[in-house]
Amino acid sequence: MNGVKKVLGILMILLMVIIPQMESFAKLRNIESNNVFHQDKIPVGKTGKMMSVTFYVETGSDYADAWAGIAYDDEEDENIEFPFELTSETTDRKHVGKISKGKKKSITISARVRRDIPEGYYGIPVYLADDKEGGRGIQEYINVYIQKSATTDSSESEAVKDVEFTLGEGQSTPRGKYPDVLNFGLNLANTGKLTAFDVTAHMIMDKDSTVFPFEINDANYDRHFDKIESGGVTSLDYSFAIQKNTYTGYYPIKLEITYRDSTEGEIKKTEEQFFVHIQNKDKDETTTSPGEFNPNDRTKARIVVDSYRTEPKDVYAGETFDLIIVMKNASASVAASNILFTLESEKANDSAVFSMEEGSSSHAVNSLPANQTTELRLKMSARAGVDQRSYSITINEQYDSPEYKNATDKVSVDIPVRQVARMNIGSFEINPDSISVGDDANITFQINNTGKVVLYNLMAKFNADSIKENEAYIGNVKPGESGNVDVNLTGKAVTADDGKINLTISYEDENGNITEETRDFILNVNEEAETDIDITDQPMPEEENKGFNPLLVIIGGGLSSVIIASAVILKKRKAKKEQM
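Residues numbered from 1 in each chain as written. Predicted model: local features only at pLDDT ≥ 70, side-chain atom pairs only at ≥ 80, totals over all residues. Heavy atoms only, no water.

*Asks:* Outline the pattern of salt bridges, supporting the account with residue identities and numerical values.
*Replies:* On inspection of all chains with the given rule, the structure shows 16 salt bridges. Across the salt bridge formed by arginine 377 and glutamate 311, the nearest N and O atoms sit 3.6 Å from each other. With arginine 377 in strand S25 (residues 373-382) and glutamate 311 in strand S17 (residues 303-311), this residue pair connects regions lying 66 residues apart in the sequence. In this structure glutamate 311 comes out as partly exposed when scored by relative accessible area, which is 35%. In this structure, arginine 418 and aspartate 509 form a salt bridge, with 3.2 Å as the shortest nitrogen-oxygen distance. With arginine 418 in strand S27 (residues 404-418) and aspartate 509 in the loop between strand S35 (500-508) and strand S36 (514-522), this residue pair connects regions lying 91 residues apart in the sequence. Of the residues examined, arginine 418 reaches a relative accessible area of 14% and is grouped as buried. Through salt bridges that share partners, Glu256, Lys269 and Asp414 make up one connected network. (Salt bridge = Lys/Arg side-chain N within 4 Å of Asp/Glu carboxyl O. Helix = DSSP H or I, 4+ residues; strand = E, 2+ residues; numbered from the N terminus. Buried < 20%, exposed > 50% of the residue type's maximum accessible area, 1.4 Å probe, protein only.)

*Asks:* Account for the nonpolar core, naming residues and giving values.
*Replies:* Within the largest apolar cluster, 33 residues are counted, with the highest numbers of intra-cluster contacts made by Leu323 and Phe354. Only strand S19 (320-329), strand S20 (336-345), strand S24 (362-368), S25, strand S26 (389-401) and S27 provide two or more residues apiece to this core. Tallying contributions element by element places S27 first for this core, with six residues. Not counting residues within four places of it along the chain, the set of residues in contact with phenylalanine 354 comprises Phe321, Ser345, Met380, Ser381, Ala382, Tyr391, Ser392, Ile393, Ile415 and Val417. Membership of the second largest hydrophobic core comes to 28 residues, among which are Phe165, Leu182, Phe184 and Tyr221. (Core = buried A, V, L, I, M, F, W, Y, C linked by side-chain atoms within 4.5 Å. Contact = heavy atoms within 4.5 Å.)

*Asks:* Describe a nonpolar patch on the surface, naming the residues involved and giving the relevant values.
*Replies:* On the surface, a nonpolar cluster with roughly 260 Å² of combined accessible area is contributed by Leu28, Ile42 and Tyr121. With respect to the element layout, leucine 28 can be found in the loop between helix H1 (2-25) and strand S1 (37-38). Looking at leucine 28, the relative accessible area reads 48%, which means it is partly exposed. (Patch = residues over 30% accessible without salt bridge, like charges linked within 9 Å, V, L, I, M, F, W, Y side chains within 5 Å. Areas by Shrake-Rupley, 256 points an atom, 1.4 Å probe, with all protein chains shown as cover.)

Coordinates in, geometry out; function isn't part of it.
In structure tokens form, the structure reads like this:
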């Protein structure tokens, strides 16, 4: 009994020690008394995953250029566990911009949740500052809820994709200062479960220094890689001169990444972005001396592609099509006039993929008011022999605005070009060339892919009134390769026609659309051969050797004795019956 009491006493002591420690990890903060930071709902994150911490601010004063961040202090409260990994993506301040007094402004900060953190509520200290590098300014708590990640978690946000790219994970923001050249390498990681093939990272640029802070000196800033394996990381290395007219601040740089998830897969596209920080001049500084003309101070219209389509919908190599592009003046108040659109096709093997079938590649539009559209209709053709993928058409723009004459810009559209599947069949080998009902004939031949696209799920089906239906599965056949067919056909009925056997060949394209082609060949089926033999109708062969054979004499004598004995017995029985 005393032993049981001692054990219970030890357990109570352990619970008293453990429970306060568990409660100290997670703590829900009362934010009802907050003056600046507020939440409509508590964000939910999962251990080991990136989460978005969203809240809004409502201040009693104006901020010309505000910054927000998540605060962390080792000495603040040792009993409160900080739920996020301490990396630059968590602790770097986020640029918020202008905040007006009494007006709400939503803020979202990304942070990666620690993998070892217990599930529960956590109070997170956040702050609002009026510059990038100064003190923290106003600081209050908001709340988040952390869940444990399950290995079977199937939500879309957490599911591992086939191919997924991450830019600059674990790296600091590239920083440059005018007039120095900014050299940096950016890690491109494939966090998906499949290898990415034929990867191209295309940097999206803009001549407007407020959008893209670098001088465009090189003709091509694309970075191409034959493949990036799952979990693999490669470096995108760049060297840029900073534009003179840029302002100090963070600039989002966008990358358009194209890839294939298999060596023969279709081209897929995704967009990623990263930030660079440029130090030059503040926005309130004047860029010109009094009376000096600065062309970048002029306001111009912004003409973009509103929509586009092709007629027919599918464009095939070697065929003509109509391209209809709807151009829009996206400016809210600035009109454009004397507009010239000039189309330029992407090249493959140093030759343009698209060419004008009718008319000119340049089209003039007299005027385009703000927020209005105009339609361009072009008769074009796609060059035969190009690979099946998307190719771009660049639309070079030149136009006037009230304050900006001869403004230039460019936009592009992507046109998928398809290839017609082509094949031929080798000679048939039929053994034997005619059969009886119930017998088999072996049929062999080759199907050759003579086109430029893969023939998926290739099958051959055989049918006729004289045979049992049969089919052969060949599989996927790449361009320039062949699939072998080897099948046995069984005779079912006597041929009543010319002996044609119908052959149907079917295959799918990359979208699962089925195409069928028919052929035929000759195989005659005859009556089943007689198998019973009547020995009475068979002629007896003449003996070639008439010499003496003792065995035959013995057998013959024995048979004669049996016959004579049988005759004597039958005669005696007959005589006995007559006496009776």
